[in-house]
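Structure assessment
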Amino acid sequence: MYLISELATKAGISRTTLLYYEKQGLIKGHRLDNGYRHYSESDLQRLFLIKQLQSAGLTLKECQSCLEAKLDKSILSERLTQLTEDIQKKTQARELLLGLLGERSQRELHSSLSKSAPNVHLNWLNTQGYDEKEALRLKWLSKDMNEHNAYMNDFMTIFTPLEQWAPGSKQDTLNAISLMPNQQMRRILEIGSGKGGSTVLLANNTKAHITAVDNEPVAIEQLNQKIKDSQLVDRISPVCASMTALPFEAKSFDAIWAESCVYIMGMENALQQWKPLLKDDGILVVSDLVWLTDMPDENVKQFWLSNYPDIQTIPTRLKLFQAQGYDVIDHFSLGLNAWENYWLPLKARVEALQPTMPTSQALLDVEQEIGIYETSVAKDFTYHYFIVKPSK
Ligand SMILES: C[S@@+](CC[C@H](N)C(=O)[O-])C[C@H]1O[C@@H](n2cnc3c(N)ncnc32)[C@H](O)[C@@H]1O
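So, here's what we can say about the structure. These figures come from a predicted structure and were not determined experimentally.

Let's talk about the pattern of salt bridges
Applying the stated criterion across every chain, the model contains 11 salt bridges. Note that R37 and E22 form a salt bridge whose closest N and O atoms lie 3.5 Å from each other. Residue R37 is located in strand β3 (residues 37-39), and its partner E22 is located in helix α2 (residues 15-23); the two are separated by 15 residues in the primary sequence. Looking at E22, the relative accessible area reads 17%, which means it is buried. Taking the shortest distance from any N to any O, the salt bridge between D281 and K392 comes out at 2.6 Å. Placement of the pair is D281 in strand β8 (residues 278-291) and K392 in the segment after β11 (381-390), with a sequence separation of 111 residues. Look at D281 and you get partly exposed, because its relative accessible area is 48%. Residue class for K392 comes out exposed when judged on its relative accessible area of 84%.

Pasting the structure below:
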């Protein structure tokens, strides 16, 4: 037998709560001759059970019905579903903490953070001492930052000699140029210009001066060489800068051109940050990876959800333009040949490097990506060009 204070200590429940439970008929004390209320072992056991049921999400009333065997089974099923969801969330939270403490794969940590909190993830990488360029790459690649330098070196070893760093074809770029309504443009800003394949096409097929921005010095160096070789020194100005902090005044450009690079800062951010740089009646040409179906192959779906979580269908992207204050002038998809221009040389490069870097994670990742292209490109997903302008 227990006094109420003893019962409170044993059950870990306050005296006031016990008095309330007593009022509700959940426990029943017996007044002894000395005037004190005493509680039985069964009362204590009932209290333990109530605590457990409450942890499982039952209200006090539901606990009472349960103890009286009157609770509907459907309520227990509902509570079970909710509890299972809560446990999953807690397990994820635990993995997050283990990841932050370095006790789990950093790769999974980046992958999950870039999906659940892309902007916070980027800021967090910045606070970890990564400069913006590295942070964007880590975010985009969801790679293991413990092996970051080796990974990036391997990545550049694979890509540096390749002419195309993204899918595309001369014909598609010319098509996008022809869809820009104002053909009398004076200044075009190309963002993420890479080695300048499209930069030269823009210079040769418009009258505008092209400012070509990329944050990769290797790309800028090779673009400079290309400009000299094509005698376009007066028409193209390469600038090594980040697309997230463009060093230009507002209303400087008749058009902004961004092929296969908007994923780096995210479409929504780009649409907000780049708009002020456009003159009135300015045009934005931007290409982005999109789903061509609502039901992509599961493997492909998982691949892009971890490599480009913001991949959307074309209708969803069209809605975003509208929501961000842009009118869509035209849009079209890249065909298979544009992809082959990219991944066939990439595949040959990977095969050539295999013997010298067989364990490279970067090489394995690129191989996996090529596998995805081989099975599903232009069927489940592709790059899509959008020609848009700020709404009036
Ligand atoms: C996939 S490539 C596309 C290159 C080119 N536009 C094309 O379609 O072939 C992405 C380009 O964006 C550049 N890039 C990556 N992060 C950047 C940043 N923060 N600011 C500017 N350029 C960036 C890369 O160096 C690379 O040249």
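Digging into the packing of aromatic side chains
In this structure the tally under the stated criterion is 13 aromatic pairs. Ring geometry for Y263 versus Y308: centroids 6.2 Å apart, planes at 70°, classification edge-to-face. Taken together, the residues Y263 in the loop between β7 (253-258) and α13 (267-274) and Y308 in the loop between α14 (298-307) and β9 (312-313) connect sequence positions 45 residues apart. Across the pair, exposure class does not vary: Y263 and Y308 are buried alike. One aromatic cluster in this structure is built from F303, W304, W339, Y342, Y373, F381 and Y383. For the cation-ring pair, K275 lies above Y326, with the distance from its terminal atom to the ring centre recorded as 4.9 Å.

Quick notes on the site of the ligand
Around the ligand, a shell composed of 17 residues is seen, among which G192, D214, N215, M243 and E259 lie nearest. Within the side chain of D214, one N or O atom sits 2.6 Å away from an oxygen atom of the ligand. In the model, a nitrogen atom of the ligand is placed 2.8 Å from a nitrogen or oxygen of the E259 main chain. Against a free-state accessible area of 590 Å², the protein chains account for coverage of 88% of the ligand. Here the residues of the shell around the ligand are counted per class, giving 8 nonpolar, 6 polar and 3 charged.

What to know about the packing of α13 against helix α15 (residues 314-323)
The contact between α13 and α15 brings their axes to 11 Å, and the two run at 30°. With respect to their mutual orientation, α13 and α15 come out roughly parallel. For the pair α13 and α15, the sense of crossing is right-handed. Contacts between α13 and α15 involve M267, E268 and L271 from the former and R317, L320 and F321 from the latter. Class assignment for the residues of the contact of α13 with α15 results in 4 nonpolar, no polar and 2 charged.

Regarding the packing of helix α1 (residues 4-11) against α2
At a minimum axis distance of 9 Å, the contact between α1 and α2 shows a crossing angle of 105°. Considered as vectors, α1 and α2 are oriented roughly perpendicular to each other. Taken together, the residues of α2 that come into contact with α1 (itself represented by I4, L7 and A8) are R15, L18 and L19. Each residue belonging to the contact of α1 with α2 can be placed in one class, and the counts come to 5 nonpolar, no polar and 1 charged.

Conventions and cut-offs
Residues numbered from 1 in each chain as written. Predicted model: local features only at pLDDT ≥ 70, side-chain atom pairs only at ≥ 80, totals over all residues. Heavy atoms only, no water. Salt bridge = Lys/Arg side-chain N within 4 Å of Asp/Glu carboxyl O. Helix = DSSP H or I, 4+ residues; strand = E, 2+ residues; numbered from the N terminus. Buried < 20%, exposed > 50% of the residue type's maximum accessible area, 1.4 Å probe, protein only. Phe/Tyr/Trp six-rings, centres within 6.5 Å; stacked < 30°, edge-to-face > 60°. Lys NZ or Arg CZ within 6 Å of the ring centre and 35° of its normal. Near = heavy atom within 4 Å. Polar contact = N/O pair within 3.5 Å; in protein donor to acceptor, adjacent residues only side chain to side chain. Areas by Shrake-Rupley, 256 points an atom, 1.4 Å probe, with all protein chains shown as cover. Nonpolar A, V, L, I, M, F, W, Y, C, P; charged D, E, K, R; others polar. Axes fitted to C-alpha atoms, helices over the stretch in contact; angles between N-to-C directions. Parallel < 35°, antiparallel > 145°, perpendicular 65-115°, else oblique. Left-handed = near helix turned anticlockwise from the far one by under 90°. Contact = heavy atoms within 4.5 Å.

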